[in-house]
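# Tertiary structure, described
So you can see what is in the structure, the chains are spelled out below.
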Amino acid sequence: MTPPHDLATLVHDCAECPIRHRAVCARCESDELQRLEQIKYYRSYQAGQTIIWSGDRMDFVASVVTGIATLTQTMEDGRRQMVGLLLPSDFVGRPGRATAAYDVTATTDLVMCCFRRKPFEEMMAQTPHVAQRLLEMTLDELDAAREWMLLLGRKTAREKIASLLSIIARRDASLKLRAAQGSLVFDLPLTREEMADYLGLTLETVSRQMSALKKDGIIELEGKRHIVVPDFDVLLEETGDDSDGGFLV
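Just so you know, these numbers come straight off a predicted model, no measurement behind them.

### A short note on the overall build of the chain
Of the regular secondary structure elements, the chain holds eight helices and 11 strands. Scaling as 2.2 N^0.38, a compact globule of 249 residues should have a C-alpha radius of gyration of about 18 Å, and the chain matches this with 18 Å. Projecting the C-alpha coordinates of the chain onto the three principal axes gives extents of approximately 50 × 45 × 35 Å. The buried share among the 249 residues of the chain stands at 45%. Long-range pairs, those at least 24 residues apart, make up 72% of the contacts in the chain between residues at least 6 apart in sequence.

Okay, structure coming up:
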């Protein structure tokens, strides 16, 4: 696997970028990519490093190229809640907003393709392909947030765990340009503690449900993070979603 700090050199050409088909630039023509090239740069972060603090001024927006980050909100009394995950190709920042709304923390080693915010906002106004793709991504995120409300409010612990695994498996397959079906293999980007925080469960419940899914043959575990799903359709049956697979990712 390519070390994150070497990735920026390898993907300097947008055509070779591993998230090109899913990112905010997915619809861009060659001349539009050239304009993006003029305002982009790469940033690398180590696992556990804070990328942005809530309230910080943001002079950039970005796409996650490799790695995973979390979105976290902190209440006045210090309580913290993980409110979202940023997976490869997800967009960081909001055009038109100068400050960050959440703490963004690298869960794994992370590389982001960043764009200077003001020139990016200007390009959005002049380039329909960028604005259209960002709108699509925003609407998908809204749909996913609504589905997540259902997960947190109504699903059982087993269904929550299966849903999270299916989301990560589907995104991993998409980035590899393969269908989310049959046998899938991926690395879980979250610790058990982080899964518990994100799903509103206890650590013990997460561990127990992961063990139950393994015992029932729904998943196979190699170490703590490497997941094998022998049959993705069987995993989907455990999520409690309808036949189309539920979440948009």
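Here the narrative resumes.
### With respect to the confidence of the model for the chain
Per-residue confidence for the chain gives a mean pLDDT of 86, with 91% of residues at or over 70. Predicted confidence is poor over residues 1-10, with pLDDT under 50, and the contacts of this stretch with residues over four places away or in other chains come to 11 contacts.

### Thoughts on unusual backbone geometry
One non-glycine residue, Ser 89, lies in positive phi territory at about 90 degrees. As for its placement among the helices and strands, Ser 89 is situated in the loop between strand 5 (80-86) and strand 6 (91-92).

### A closer look at the packing of aromatic side chains
Taken as a whole and judged by the stated rule, the model has two aromatic pairs. Site record: aromatic cluster; members linked through ring pairs are Phe 91, Phe 115 and Phe 120. Between Arg 43 and the ring centre of Phe 60, over which it is positioned, the NZ or CZ distance is 4.5 Å.

### Notes on empty space enclosed by the protein
This model, assessed by the stated rule, comprises one cavity of 30 Å³ or more. Of the pockets and cavities examined, the largest cavity occupies roughly 90 Å³. In this structure, the largest cavity is lined by Cys 14, Cys 17, Ile 19, Arg 20, Ala 23, Cys 25, Leu 36, Lys 40, Tyr 42, Ser 63, Cys 113 and Phe 115. Going through the elements one at a time, strand 1 (40-45) and strand 8 (110-116) are the ones with two or more residues in the lining of the largest cavity.

Procedures and definitions
Residues numbered from 1 in each chain as written. Predicted model: local features only at pLDDT ≥ 70, side-chain atom pairs only at ≥ 80, totals over all residues. Heavy atoms only, no water. Helix = DSSP H or I, 4+ residues; strand = E, 2+ residues; numbered from the N terminus. Rg over C-alpha atoms; globule rule 2.2 N^0.38 Å. Buried < 20%, exposed > 50% of the residue type's maximum accessible area, 1.4 Å probe, protein only. Contact = heavy atoms within 4.5 Å. pLDDT = per-residue confidence, 0-100. Phe/Tyr/Trp six-rings, centres within 6.5 Å; stacked < 30°, edge-to-face > 60°. Lys NZ or Arg CZ within 6 Å of the ring centre and 35° of its normal. 1 Å grid on protein atoms, 1.4 Å probe; cavity = no way out; pocket = protein on both sides within 12 Å on 5 of 7 lines; lining within 4 Å. Points joined across faces, edges and corners; volume = space filled by probe spheres on them.

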